[in-house]
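Inside the fold
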Amino acid sequence: MPFAPNFPVMLRTEDGVRIDAAHTSSMHTDVGIVVAHGFTGSWRERAARRIVHVLSGFGGVVAFDFRGHGRSGGESTVGDLEILDVEAAVRHARVVGYRKVAVVGFSMGAAVAVRHAGLRGGVDAVAAVSAPARWYYRGTRPMRQVHWAIEQPFGRWAARVTKRTRITRGQWDPIPMPPHEAAALISPVPLLIVHGDADAFFPLEHAHQLYVGAREPKELWVEPGYGHAEAAASPDLVRKIGKWVVSNFS
């Protein structure tokens, strides 16, 4: 089945960063879904486009590249200032007429979605898929490789050349509120936490920490055999998330 048609959009954040995005319209004109990709990802990648296509059956979709990723400007702060990128996408969804807006984030995008909802608000539902609950986690080999890419000059060069991801130098100052603390601030907006028991990046303890940190209404789905983020998300799982979104808007 071909992907749903999308229309390029250029957004601008509150701090002046240009964000490359696309809007996919839907028959469900009241519902807007913002899709936030994972670290080194892009809305233009096939896995992300497949997710947009499935979610467009439940609402209009605004997908975008985080700062420092793909064709967006700026540099990645790996989950800190990215809340301003989500804010720009949510604002666009409101401007084009969506009455209810949900954010569906994957991996880093899930952490940002939780932090945005907790710290900025203005959304009607949040789904965090394969999210880290806290910063600086190095308990798995893939996450040690991610930290190498973020912290080492050659790692940042490799991310820029191979993934078109430009990462800011230096350390956070101050350290941003971690997702599990921001989750407590989301209520009364509904929060869905989705995590696979085969996630090679973040074990299930992250999902449970997020869930414990959040207040009602909240749900936790532990998906058997599911790996990590966009690449492992089956159409059935994405469809299930889309149904959850619209069930909160009925």
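Residues numbered from 1 in each chain as written. Predicted model: local features only at pLDDT ≥ 70, side-chain atom pairs only at ≥ 80, totals over all residues. Heavy atoms only, no water.

What about the overall build of the protein?
- Secondary structure assignment for the protein yields nine helices and eight strands.
- Overall, the C-alpha framework of the protein stretches about 45 × 35 × 35 Å when taken along its three principal axes.
- Within the protein, contacts between residues separated by at least 24 positions form 73% of all contacts whose residues are at least 6 apart in sequence.
- Carbon and sulfur atoms provide 55% of the accessible area of the protein, an area that totals close to 10,900 Å².
- Distance from the positive charge centre (29 side chains) to the negative charge centre (23 side chains) of the protein: 5 Å. (Helix = DSSP H or I, 4+ residues; strand = E, 2+ residues; numbered from the N terminus. Contact = heavy atoms within 4.5 Å. Areas by Shrake-Rupley, 256 points an atom, 1.4 Å probe, with all protein chains shown as cover. Lys, Arg positive; Asp, Glu negative; His and termini not counted. Charge placed at Lys NZ, Arg CZ, Asp CG, Glu CD.)

Quick notes on helix α4 (residues 141-151)
- Of the positions making up α4, those classed as buried are Pro142, Met143, Val146, His147, Ala149 and Ile150. Looking straight down α4, one finds that the buried residues subtend no more than 160° of arc, so they occupy a single side.
- Of the surrounding elements, those touching the buried residues of α4 are α5 (153-163). (Buried < 20%, exposed > 50% of the residue type's maximum accessible area, 1.4 Å probe, protein only. Arc of directions from axis to C-beta.)

Thoughts on the environment of Tyr136
- Within the fold, Tyr136 resides in the loop between β6 (125-129) and α4.
- For Tyr136, the contacting residues outside a window of four places in its chain are His147, Trp172 and Ile175.

Considering the sheet that holds strand β2 (residues 18-24)
- Strand order in the open sheet formed by eight strands is β1-β2-β4-β3-β5-β6-β7-β8, and the pairing between neighbours is mixed. Taken across any chain shown, the strands that pair with only one partner, and hence form the sheet edges, are β1 (7-12) and β8 (218-223). With direction set aside, neighbouring strand axes in the sheet form an average angle of 20°.
- One ladder, built from five bridges, connects strand β5 (residues 100-106) with β6; its direction is parallel. Across the sheet, residue Val104 finds its bridge partner in β6, namely Ala127.
- Helix-sheet contacts for helix α9 (residues 235-247) involve β3 (31-36), β5, β6, β7 (191-196) and β8, and the interaxial angle to β8 is about 170°. (Pairing = 2+ DSSP bridges. Axes fitted to C-alpha atoms, helices over the stretch in contact; angles between N-to-C directions.)

Observations concerning the packing of helix α1 (residues 46-55) against α9
- Direction vectors running N to C along α1 and α9 enclose 45°, while the axes themselves pass 9 Å from each other. What the angle tells us is that α1 and α9 run oblique. Every pair of crossing elements has a handedness; the one defined by α1 and α9 is right-handed. Residues Arg50, Ile51, Val54 and Leu55 of α1 pack against Pro235, Val238, Arg239 and Gly242 of α9.
- For the contact of α1 with α9, the per-class residue count stands at five nonpolar, one polar and two charged. (Parallel < 35°, antiparallel > 145°, perpendicular 65-115°, else oblique. Left-handed = near helix turned anticlockwise from the far one by under 90°. Nonpolar A, V, L, I, M, F, W, Y, C, P; charged D, E, K, R; others polar.)

Some details on the side chain of Asp65
- Tracing the backbone shows Asp65 in the loop between β4 (60-64) and α2 (82-95).
- For the buried residue Asp65, which engages in no salt bridge, the nearest side chain bearing the opposite charge is Arg44, 4.9 Å off.
- At 2.9 Å, the side chain of Asp65 forms a polar contact with the side chain of Ser42.
- Ignoring anything within four residues of it in the chain, the contact list for Asp65 reads Ile19, Asp20, His37, Ser42, Trp43, Arg44, Gly70, Arg71 and Ser72. (Salt bridge = Lys/Arg side-chain N within 4 Å of Asp/Glu carboxyl O. Polar contact = N/O pair within 3.5 Å; in protein donor to acceptor, adjacent residues only side chain to side chain.)

Some words on unusual backbone geometry
- Residue Pro174 is bonded to the preceding Asp173 through a cis peptide linkage, with omega at 5°.
- Residue position: Pro174 is located in the loop between α5 and α6 (179-182).
- Here the residue pair Glu216 and Pro217 is connected by a cis peptide bond, since its omega of 0° sits within 30 degrees of zero.
- In this structure, Pro217 sits in the loop between α7 (204-213) and β8.
- Residue Ser130 is not a glycine yet carries a positive backbone phi of 60°.
- With phi around 55°, Arg164 is a residue other than glycine that occupies positive phi space.
- Looking at Arg164, the relative accessible area reads 47%, which means it is partly exposed.

Quick look at the nonpolar core
- Counting residues in hydrophobic clusters, the biggest one holds 49 residues, and the most contacted among them are Val34, Phe64 and Leu191.
- Top contributing element to this core by residue count: α2, with seven residues.
- The residues touching Phe64, leaving out its near neighbours within four places in the chain, are Ile19, Asp20, Ala21, Val34, Val35, Ala36, His37, Trp43, Asp85, Val86 and Ala89.
- Counting residues in each nonpolar core, the second largest holds 30 residues, with Phe58, Val129, Ala229 and Phe249 among its members. (Core = buried A, V, L, I, M, F, W, Y, C linked by side-chain atoms within 4.5 Å.)

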